[in-house]
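Close look at the chain arrangement
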Amino acid sequence: MDLNYTDSQKAFREEVRSWLQANVPSETLKSFDTAEGFRQHREWEAKLNDGRWGMVTWPEELGGRGCDLIEWLIFEEEYYRANAPARVNQNGIFLLGPTLMEYGTEEQKARFLPMMATGEEVWAQGWSEPGAGSDMAAIRSKAERVGDHYVINGQKTWSTRAVWADWTFGIFRTDPESSRHKGLTFILVPLDAEGVTVRPIEQLDGLPGFAEIFFDNVKVPVENVLGGEGMGWHVAMSTAGFERGLMLRSPARFQETARRLVELYKANQEEAAVPYNESDPVIGDAVIKAYLDAEAYTQTTYMTASRLVKGGKIGPESSTNKIFWSELDQKMHETAMSILNARAELWPHAPQAGEVGKWLDGFLFSQAGPIYAGTNEIQRNIIAERMLGMPRA
């Protein structure tokens, strides 16, 4: 695989790097799972949009730069290298945004994408329900067509960013006689609509990164349907493909973690009375493997992006990507915990803590990786049935 960049791609990288150096906040923003941090991150999204960096792959008339996926990967590499803030509106710009590009009407694109890019409207996911987690075909929340609107009743759970978000997207059962994949419709719902109740769910760190959403006779205009009534499963699978396969977890995220892991290993080698490569060579091997796996994921993603640029599609192989990056994230943070040893139990503000807090936050979050975007067990079923042609168990 030839990873030599063109002159224009090199110039684009320099432009990205220069802007980020001049604009990335000098102090780390508070967690966007707090009210203050959410506000700070929303302001950062607006600043990115001012420089037309909010979502570089979007058309210029919608605030983007019309970049292809290779340029997006370059942007992500520079973004993580600059230690820029996490994207609070990732559900919108990385998942719903591409889905709107593919299935949205021109009116829907003009209405939602610009507000999404500026951070004025932040989106939550409305996938999972009690009894319908990775098995989204078991969804029971209903949307009944009444004239020019739908009346929605039901519940969603584990809705990321829903505590302070403005909108949620999800699929609802519009055909009461249907079952499984049929009779579902993809609908965009404002979270300030009458009848919507949002109840926060605490994460392991005690912050409300998720929420339950309850719908009690919520009225939503028909024009908020994406892709047409009954097409919800088809549209949702495209969104899930972006989530599992490419957009949500760019390789730069894991490359940067791998780089930090190598630095952590080296620093602790220098401090240790007995170097790890003598006392515990397994840790050194784990660091090397983490670095190589992050590079392997990068190469694979560039290959996928090149295929998409030429008109290809993301298929069930997105499930292999999801398994790989989620388990890679876990392994890298587990290795960091092993290197830190007893220091990993320190409070982040302790004198000897160093970057313990950042590593611990990453470790806790990585535990969710094999669950969200469809559990890895479900992804292995998809690989077995749709890629390998094996019979259903």
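To start, this report covers the structure provided alongside it. Along each chain, numbering runs from 1 in the same order as the chain's sequence is written. Predicted model: local features are reported for residues with pLDDT of at least 70 only, side-chain atom pairs are reported and counted for 80 or more only, and whole-chain, interface and lining totals are derived from all residues. Heavy atoms throughout the structure, all of them, feed into the side-chain values; hydrogens and water do not.

1. Concerning the packing of aromatic side chains
- In summary, the pairing rule links any two rings of Phe, Tyr or Trp, Trp by its six-membered ring, whose centres are within 6.5 Å, and it sorts them by plane angle into stacked for under 30 degrees, edge-to-face for over 60 and tilted for everything else. A full pass over the atoms with the stated rule returns 21 aromatic pairs.
- Aromatic pair Phe169 and Phe186: ring centres 6.0 Å apart, planes at 5 degrees, arrangement stacked. Taken together, the positions of Phe169 in strand β4 (residues 167-173) and Phe186 in strand β5 (residues 184-190) put the pair 17 residues apart, joining distant regions of the chain.
- Categorising residues by exposure relies on relative accessible area from a 1.4 Å probe, with only protein chains included: less than 20% of the type maximum marks a residue as buried, more than 50% marks it as exposed, and the intermediate range marks it as partly exposed. Overall, the relative accessible area of 0% leaves Phe186 in the buried class.
- Taking 6.3 Å as the distance between ring centres and 25 degrees as the angle between the ring planes, the aromatic pair formed by Phe254 and Trp325 counts as stacked. Note that Phe254 is positioned in helix α7 (residues 251-271) and Trp325 in helix α10 (residues 318-340), a separation of 71 residues in sequence. Here the two residues Phe254 and Trp325 agree in accessibility, since each one is buried.
- Each member of the aromatic cluster is reached from another via a ring pair, and the members are Phe12, Trp19, Trp44, Trp53, Phe75, Tyr79 and Tyr80.
- In this scheme, Lys NZ or Arg CZ marks a charge over a ring once it lies within 6 Å of the ring centre and within 35 degrees of the ring normal. A cation sits over an aromatic face here: Arg13 above Tyr5, 5.0 Å from the ring centre. Runs of H or I in DSSP of at least four residues are treated as helices and runs of E of at least two as strands, each being numbered from the N terminus.

2. Regarding the pairing of strand β7 (residues 210-221)
- Direction of pairing for strand β3 (residues 149-156) relative to β7: antiparallel, over a ladder of seven bridges. Paired with Lys156 across the strands is Ile213, a residue of β7.
- The pairing of strand β6 (residues 196-201) with β7 spans six bridges and is antiparallel. Residue Thr197 lies in a different strand from β7, and its bridge partner there is Phe214. In this scheme, strands are said to pair when DSSP sees at least two bridges between them.

3. Some remarks on the environment of Thr174
- With respect to the element layout, Thr174 can be found in the loop between β4 and β5.
- Along the primary structure Thr174 and Ala143 are separated by 31 residues, whereas in three dimensions their C-alpha atoms are 4.9 Å apart.
- Discounting residues that sit within four places of it in the chain, Thr174 has contacts with Ala143, Tyr150, Gly183, Leu184, Thr185, Glu229 and Gly230.
- A 3.5 Å cut-off defines polar contacts: any pair of N or O atoms within that distance qualifies, except that in protein one atom must be a possible hydrogen donor and the other a possible acceptor, and neighbouring residues in sequence count only when both atoms are side-chain atoms. Within the local environment of Thr174, its side chain forms a polar contact with the side chain of Thr185, the two groups lying 2.6 Å apart. Only heavy atoms enter the contact rule, under which two residues are in contact if any of them lie within 4.5 Å.

4. Details of unusual backbone geometry
- Backbone geometry places Arg52, a non-glycine residue, at a positive phi of 60 degrees.
- Here the phi dihedral of Asn83 falls at roughly 55 degrees; this positive angle occurs in a residue that is not glycine.
- Inspection of the secondary structure puts Asn83 in the loop between α3 (69-81) and α4 (90-103).

5. A few points about the side chain of Arg260
- Here Arg260 shows up in helix α7.
- Relative accessible area serves as the criterion here: at 10%, Arg260 is assigned to the buried category.
- If we skip the residues at most four places from it in the chain, Arg260 touches Glu355, Lys358 and Trp359.

6. Side note on the nonpolar core
- Counting residues in each nonpolar core, the largest one holds 50 residues, and the members touching the most others are Leu96 and Phe186.
- At seven residues, α3 tops the list of elements feeding residues into this core.
- For this analysis, a nonpolar core means a set of buried residues of the types Ala, Val, Leu, Ile, Met, Phe, Trp, Tyr and Cys, connected via side-chain atoms within 4.5 Å. Core analysis: the second largest hydrophobic core is formed by 24 residues, Trp325, Met332, Met337 and Ala350 among them.

7. Notes on the packing of α3 against helix α9 (residues 281-309)
- To define axes, lines are fitted to C-alpha atoms, for helices over the stretch in contact only, and angles between the resulting N-to-C directions are given on a 0 to 180 degree scale. Packing of α3 against α9 leaves a shortest axis separation of 8 Å and a crossing angle of 145 degrees. Here Leu69, Ile70, Leu73, Ile74 and Glu77 of α3 come into contact with α9, specifically with Thr298, Thr301, Tyr302, Ala305, Ser306, Leu308 and Val309.

8. A look at the pattern of salt bridges
- Any carboxyl oxygen of Asp or Glu within 4 Å of a side-chain nitrogen of Lys or Arg constitutes a salt bridge here. One pass over the full model with this rule turns up 18 salt bridges.
- Residue Asp166 pairs with Arg42 through a salt bridge whose shortest N-O separation is 3.1 Å. With Asp166 in the loop between β3 and β4 and Arg42 in helix α2 (residues 35-50), this residue pair connects regions lying 124 residues apart in the sequence.
- Its salt-bridge partner being Glu45, residue Arg87 comes within 2.9 Å of it at the nearest N-O pair. With Arg87 in the loop between α3 and α4 and Glu45 in helix α2, the pair connects residues that are 42 residues apart, well separated along the chain. The residues Arg87 and Glu45 share a single accessibility class, namely buried.
- One salt-bridge network, held together by shared partners, links Arg13, Arg17, Glu77, Glu78 and Arg81.

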